[in-house]
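Chain by chain, the residues run as shown.
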Amino acid sequence: MSSRPMLTQREAAAACGVSRTTIRRRREAGDLPGAVQDPVRGWVIPVDDLLAAGLRLHAPSPPDEVVLANVQERPVAEEQGAAALRAELERVRHEHALAVAEAEHGRLLAQAEAQHLREQLAARGEHIADLQRALKALMPAPERPVLGQPSVPGQAQPETESAEALEDRSAGGRRRWWKR
């Protein structure tokens, strides 16, 4: 005997989310071998048999069978509902495709802008390096001792005349009024 409860056909149908007819057909087909007829409750089925037959417990039950006055209205209504759902699905797919395309376009724009900024940064870096080289070239050279006269620490160096002064003196002692 199983430890699980025994359900009537109605309870089994409600618990599995199928109709009573489905339970009855499965019982008659031999899919529910442990089903027995109780004199008070009618046919009772072990839960283990329901699970072994592939039925799921606590599945949502279908709506009770309702006899429609006009049987032709149901397929037309279902077709219209399905068509509306298909149209809605296509609209959502289209919106999604647009959003994906827009995101991809934004990504490509961002990559192009980043590349442009990298190129500008490199060009400005080169320009700064050029300006630094030009500034270095314009800076005066550090003072160097005159060649030919040894420098002795602690001894005052004699003043040397410039090359222009020497030229002026060699020209007869008169100073020129123009520069060479």
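Residues numbered from 1 in each chain as written. Predicted model: local features only at pLDDT ≥ 70, side-chain atom pairs only at ≥ 80, totals over all residues. Heavy atoms only, no water.

Enquirer: How do you make sense of the pairing of strand β3 (residues 42-46) when you look at a structure like this?
Expert: As a general feature of sheets, a regular strand has side chains that alternate between the two faces. Inspection of the sheet shows strand β1 (residues 6-8) paired to β3 by three bridges, in the antiparallel sense. Of the residues in β3, the one forming a bridge with Thr-8 is Val-44. Here three bridges tie strand β2 (residues 36-38) to β3, and the two strands are oriented antiparallel to one another. Paired with Val-36 across the bridge in β3 is Val-44. (Pairing = 2+ DSSP bridges. Helix = DSSP H or I, 4+ residues; strand = E, 2+ residues; numbered from the N terminus.)

Enquirer: I would appreciate a short explanation of the packing of helix α1 (residues 9-16) against helix α2 (residues 20-28) in the present structure.
Expert: For any two helices packed against each other, one specifies the inter-axial angle together with the distance between the axes. Orientation of α1 relative to α2, taken along the N-to-C sense of each, is 110°, at an axis distance of 8 Å. By the criterion of interaxial angle, the relationship of α1 to α2 is roughly perpendicular. Both α1 and α2 take part in a crossing whose hand is right-handed. Counting all contacts with α1, which are made through Gln-9, Arg-10, Ala-12 and Ala-13, the residues of α2 involved are Arg-20, Ile-23, Arg-24 and Arg-27. (Axes fitted to C-alpha atoms, helices over the stretch in contact; angles between N-to-C directions. Parallel < 35°, antiparallel > 145°, perpendicular 65-115°, else oblique. Left-handed = near helix turned anticlockwise from the far one by under 90°. Contact = heavy atoms within 4.5 Å.)

Enquirer: How should I be thinking about the confidence of the model for the protein in this particular structure?
Expert: Note that predicted coordinates carrying low pLDDT should not be read in detail. Model confidence for the protein is summarised by a mean pLDDT of 79, while 67% of its residues fall at 70 or above. When mean pLDDT is taken per element in the protein, α2 scores highest with 92 and helix α5 (residues 163-170) scores lowest with 57. (pLDDT = per-residue confidence, 0-100.)

Enquirer: Got a minute to help me understand the pattern of salt bridges in this structure?
Expert: For side chains of opposite charge, pairing can occur when their charged atoms come near one another. Across all of its chains, the model carries eight salt bridges by this definition. A salt bridge links Arg-41 to Glu-11; its shortest N-O distance comes to 3.1 Å. Placement of the pair is Arg-41 in the loop between β2 and β3 and Glu-11 in helix α1, with a sequence separation of 30 residues. The exposure class assigned to Arg-41 is partly exposed, which follows from its relative accessible area of 41%. Each of Glu-88, Arg-91 and Glu-95 takes part in salt bridges that share partners, so that together they form one network. (Salt bridge = Lys/Arg side-chain N within 4 Å of Asp/Glu carboxyl O. Buried < 20%, exposed > 50% of the residue type's maximum accessible area, 1.4 Å probe, protein only.)

Enquirer: Can you walk me through the nonpolar core in this structure?
Expert: Within soluble globular proteins, side chains that are nonpolar generally end up buried alongside one another. The biggest cluster of nonpolar side chains holds 13 residues, and the ones touching the most others in it are Leu-7, Ala-12, Ile-23, Leu-32, Ile-45, Leu-50 and Leu-55. Those elements that provide at least two residues to this core are α1 and α3 (47-52). Per-element tally for this core: the top contributor is α1, with four residues. Discounting residues that sit within four places of it in the chain, Leu-7 has contacts with Ala-12, Ala-15, Arg-41, Trp-43, Val-44, Ile-45, Val-47 and Leu-50. (Core = buried A, V, L, I, M, F, W, Y, C linked by side-chain atoms within 4.5 Å.)

Enquirer: Could you clarify how one ought to interpret the sheet that holds β3 in this entry?
Expert: Strand-to-strand pairing in sheets goes through backbone hydrogen bonds, with the strands running parallel or antiparallel. Sheet architecture is open: three strands sit in the order β1-β3-β2, paired in antiparallel fashion. Since the sheet does not close on itself, it has two edges, and those belong to β1 and β2, each with one partner. With strand direction ignored, the average angle separating the axes of adjacent strands in the sheet is 45°. Its contacts with the sheet put α1 on β1 and β3, and the angle it makes with β1 is roughly 100°.

Enquirer: Where do I start with the environment of Glu-88 in this structure?
Expert: Mapped onto the elements, Glu-88 comes out in helix α4 (residues 73-138). Here Arg-91 takes part through its side chain, which lies 2.5 Å from a polar atom of the side chain of Glu-88. (Polar contact = N/O pair within 3.5 Å; in protein donor to acceptor, adjacent residues only side chain to side chain.)

Enquirer: Would you mind going over the environment of Val-47 with me for this structure?
Expert: Note that Val-47 resides in helix α3. Considering only alpha carbons, one finds Val-47 and Ala-15, 32 residues apart in sequence, at a separation of 9.7 Å.

Enquirer: Before we go on, may I ask you to explain the side chain of Arg-27 in this structure?
Expert: In this fold, Arg-27 is placed in helix α2. For Arg-27, the contacting residues outside a window of four places in its chain are Gln-9, Leu-32, Ala-35 and Trp-43.

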